[in-house]
Amino acid sequence: MTQTRWCPPEQLLTPAPDTFLGFTVPEDVKAQWQRWEGADWRRNRYWETNNLFPPEQRFSVRPPADMCPAHRESWRKWRDHQFDPVTGNRWPGYHGSPFNPISRDLDQVRKERRREWEEGCRGQMLMIEGFCRDGRNCGDAA
Ligand SMILES: [Zn+2]
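Residues numbered from 1 in each chain as written. Predicted model: local features only at pLDDT ≥ 70, side-chain atom pairs only at ≥ 80, totals over all residues.

Draft legend 1. View of the overall build of the protein chain. Scanning the protein chain for helices and strands turns up 4 helices and 2 strands. Mapped from its N terminus to its C terminus, the protein chain presents α and β elements in the order β-β-α-α-α-α. Among the 142 residues that make up the protein chain, the fraction classed as buried is 17%. A separation threshold of at least 6 residues defines the contact pool for the protein chain, and within that pool the share at least 24 residues apart is 60%. (Helix = DSSP H or I, 4+ residues; strand = E, 2+ residues; numbered from the N terminus. Buried ≥ 20, exposed ≤ 12 C-beta atoms within 10 Å, placed from the backbone. Contact = placed C-beta atoms within 7 Å.)

Structure, rendered in structure tokens:
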């Protein structure tokens, strides 16, 4: 089964580009290009150009260099957790799946749900980074 990757490969390039979507990339963002700071900056630039559902940025984020193997593994699992555009299932905990195509543009619903998943995964990944930083459950299978 082919996995859809929403992040164009050019975003994975290092070093960071000088411009992105026509915006000058500030030096502090360049330094964090492959971390959340860079990812959030890119997402905001997409929003500013009226792309409200941009490519998912978490695939271009790298785990912290000093992350322990157990947390790294669990971080990767959340990164690769993806919205399924066929079932349209919502992020766990939200009701409203499977698709209920009444009076709504399904493509729009898909986009909104994909974004819901992206935000959910981002939250989990950040939480795991925090656990590792605090030394919580390091070394436990996650
Ligand atoms: Zn850890």
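Further notes follow.
Draft legend 2. Representation of the environment of Phe59 within the structure. Within the element layout of this structure, Phe59 appears in the loop between helix H2 (36-48) and helix H3 (69-79). Given 19 C-beta atoms within a 10 Å radius, Phe59 is considered partly exposed. Linking Phe59 and Ala39, residues 20 residues apart in sequence, is a C-alpha distance of 9.2 Å.

Draft legend 3. Structural view of the environment of Gly130. Assignment of secondary structure puts Gly130 in helix H4 (residues 106-134). For Gly130 and His71, which are 59 residues apart along the polypeptide, the C-alpha to C-alpha distance reads 10.0 Å.

Draft legend 4. View of the packing of H3 against H4. Interhelical geometry of H3 versus H4 gives an angle of 170° and a closest axis separation of 9 Å. Between H3 and H4, the angle falls in the class roughly antiparallel. Each of His71, Ser74, Trp75, Trp78 and Arg79 in H3 lies in contact with H4, whose residues at this interface are Cys121, Gln124, Met125, Ile128, Glu129, Phe131 and Cys132. (Axes fitted to C-alpha atoms, helices over the stretch in contact; angles between N-to-C directions. Parallel < 35°, antiparallel > 145°, perpendicular 65-115°, else oblique.)

Draft legend 5. Layout of the nonpolar core. Core analysis: the biggest nonpolar cluster contains 6 residues, these being Trp75, Cys121, Met125, Ile128, Phe131 and Cys132. Here this core gets 5 residues from one element, more than from any other, and that element is H4. Apart from the residues lying within four places of it in its own chain, the contact partners of Ile128 are His71, Ser74, Trp75 and Trp78. (Core = buried A, V, L, I, M, F, W, Y, C linked by C-beta atoms within 7 Å.)

Draft legend 6. Spatial organisation of H4. Here H4 is 29 residues long and its end C-alpha atoms lie 42 Å apart, about the 42 Å a rise of 1.5 Å per residue gives. Among all positions in H4, only Arg113, Glu118, Cys121, Arg122, Met125, Ile128, Phe131 and Cys132 are buried. Those residues of H4 hidden inside the fold are in contact with H3. In the segment just after H4, Gly135 is the residue with positive phi, at about 75°. (Expected span 1.5 Å × (residues − 1).)

Remember that the coordinates give geometry; whether it matters functionally is a separate question.
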